[in-house]
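# Observations on the three-dimensional arrangement
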Amino acid sequence: MAAVVVLVGLVLAGGVAAASGTPDLEASAPTSVAGTDATAVFEVGDRTIRQVRYDDAGTLRYTFRVANQGRFPVTVLGLAPGQADPRLFSYAGLTGPQGEREVEIGGGDSVELTLALDMGGCETLSSRSGSFVTEVRLRTSQAGLFEDEVLLTLPEQLHTGSPREAFCPSSTATSRPPG
């Protein structure tokens, strides 16, 4: 009997150890964009770039699919601290298909997530500069116990350019560097 208890304990401990590893998440298409009136996708070498029109003080919503490559369910809790700092975008939030802030992805399953990016700061860049968003850092949980952060590469590199002065309402004659 003691041998059975020890064996069951070892199996459970192995399952807990396996579940406590960093989740294996992967982003993919299909993708969509809302919050801007113009967007285009093109290839440059091995990179897929999604160009979006800058909208000062607007919010870009980028939707993409995330697959859980692991065997155990993973709950995406939202954005983790320490996101990259692109000049014209700031990370505003992450939601699931129904707008929920926490999304569970079963082992081997996938779900759509929407990344909200606020656009701003064009008055600090010359009109020929731009910004890229290529990844997002997610807060995750497995089994409600093991929290982790996952750096997820987006399926497309989001890019926007700093607009000319007429479309950057807070710019002044001296606020933007020449170029």
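Residues numbered from 1 in each chain as written. Predicted model: local features only at pLDDT ≥ 70, side-chain atom pairs only at ≥ 80, totals over all residues. Heavy atoms only, no water.

## Concerning the pattern of salt bridges
This is how the line gets drawn: In what follows, salt bridge is the name for a side-chain nitrogen of Lys or Arg lying within 4 Å of a carboxyl oxygen of Asp or Glu. The way it works is that DSSP assigns letters per residue, a run of H or I at least four long becomes a helix, a run of E at least two long becomes a strand, and they are numbered from the N terminus. Note on classification: 1.4 Å probe, protein chains only; a residue is buried when its accessible area is under 20% of the maximum for its type, exposed when over 50%, partly exposed between these limits.
Scanning all chains against the criterion turns up three salt bridges. A salt bridge links Arg50 to Glu156; the shortest N-O distance between them is 2.9 Å. Of the two residues, Arg50 is situated in strand β3 (residues 47–52) and Glu156 in strand β10 (residues 146–161); the sequence distance between them amounts to 106 residues. Here Arg50 falls in the buried class, since its relative accessible area comes to 10%. Glu156 gets classed as buried once you look at its relative accessible area, which sits at 8%.

## Thoughts on unusual backbone geometry
Residue Ala29 is joined to Pro30 through a cis peptide bond whose omega torsion reads 10°. Take Pro30: it is sitting in strand β1 (residues 25–34). Even without being a glycine, Ala57 presents a positive backbone phi close to 70°. Looking at the secondary structure, you find Ala57 in the loop between β3 and β4 (59–68). One non-glycine residue, Ala143, adopts positive backbone phi at about 60°. Of note, Ala143 is situated in the loop between β9 (130–142) and β10. Take Ala143: its relative accessible area is 59%, and that puts it in the exposed class.

## Concerning the pairing of β4
Worth spelling out the cut-off: Strand pairing requires that DSSP identify at least two bridges connecting the strands.
Most of β4 sits out of view: seven of its 10 residues are buried. Direction of pairing for β1 relative to β4: antiparallel, over a ladder of seven bridges. In the sheet register, Glu26 faces β4, and the bridge partner there is Ala67.

## So, the side chain of His159
To be explicit about the condition: Two N or O atoms count as a polar contact when they lie within 3.5 Å, although within protein this holds only if one can serve as hydrogen donor and the other as acceptor, and sequence-adjacent residues are included solely when both atoms are side-chain atoms. The criterion used for residue contact is that any of the two residues' heavy atoms lie within 4.5 Å.
By secondary structure assignment, the location of His159 is in strand β10. Here the side chain of His159 touches Gln51 through a polar contact of 2.5 Å, side chain to side chain. When near neighbours in sequence (up to four residues on either side) are disregarded, His159 contacts Ile49, Arg50, Gln51, Val52, Gly130, Ser131 and Phe132.

## Observations concerning the sheet that holds strand β8 (residues 110–119)
This is how the line gets drawn: The axes are straight lines fitted to the C-alpha atoms, using for helices just the contacting stretch, and the angles between their N-to-C directions are given from 0 to 180°.
Taken in spatial order, the four strands of this open sheet run β1-β4-β8-β6, and their pairing is antiparallel. In the strand order of this sheet, the two ends are held by β1 and β6 (89–95), each with one partner. Strand-to-strand twist in this sheet, taken as the mean axis angle between neighbours without regard to direction, amounts to 30°.

## Topic: the environment of Ala92
Turning to its location among the elements, Ala92 is positioned in strand β6. Taking the C-alpha atoms as reference, Ala92 lies 9.7 Å from Met119; in sequence the two are 27 residues apart. In this structure Ala92 touches Leu79, Ala116, Leu117 and Asp118, once residues within four positions along its chain are discounted.

## A look at the sheet that holds β10
The six strands are arranged β2-β3-β10-β9-β5-β7 in an open sheet whose pairing can be described as mixed. A single partner strand is all that each edge strand has here, and the edge strands are β2 (39–44) and β7 (103–105). Averaged over neighbouring strand pairs, the angle between their axes works out to 40° when direction is ignored.

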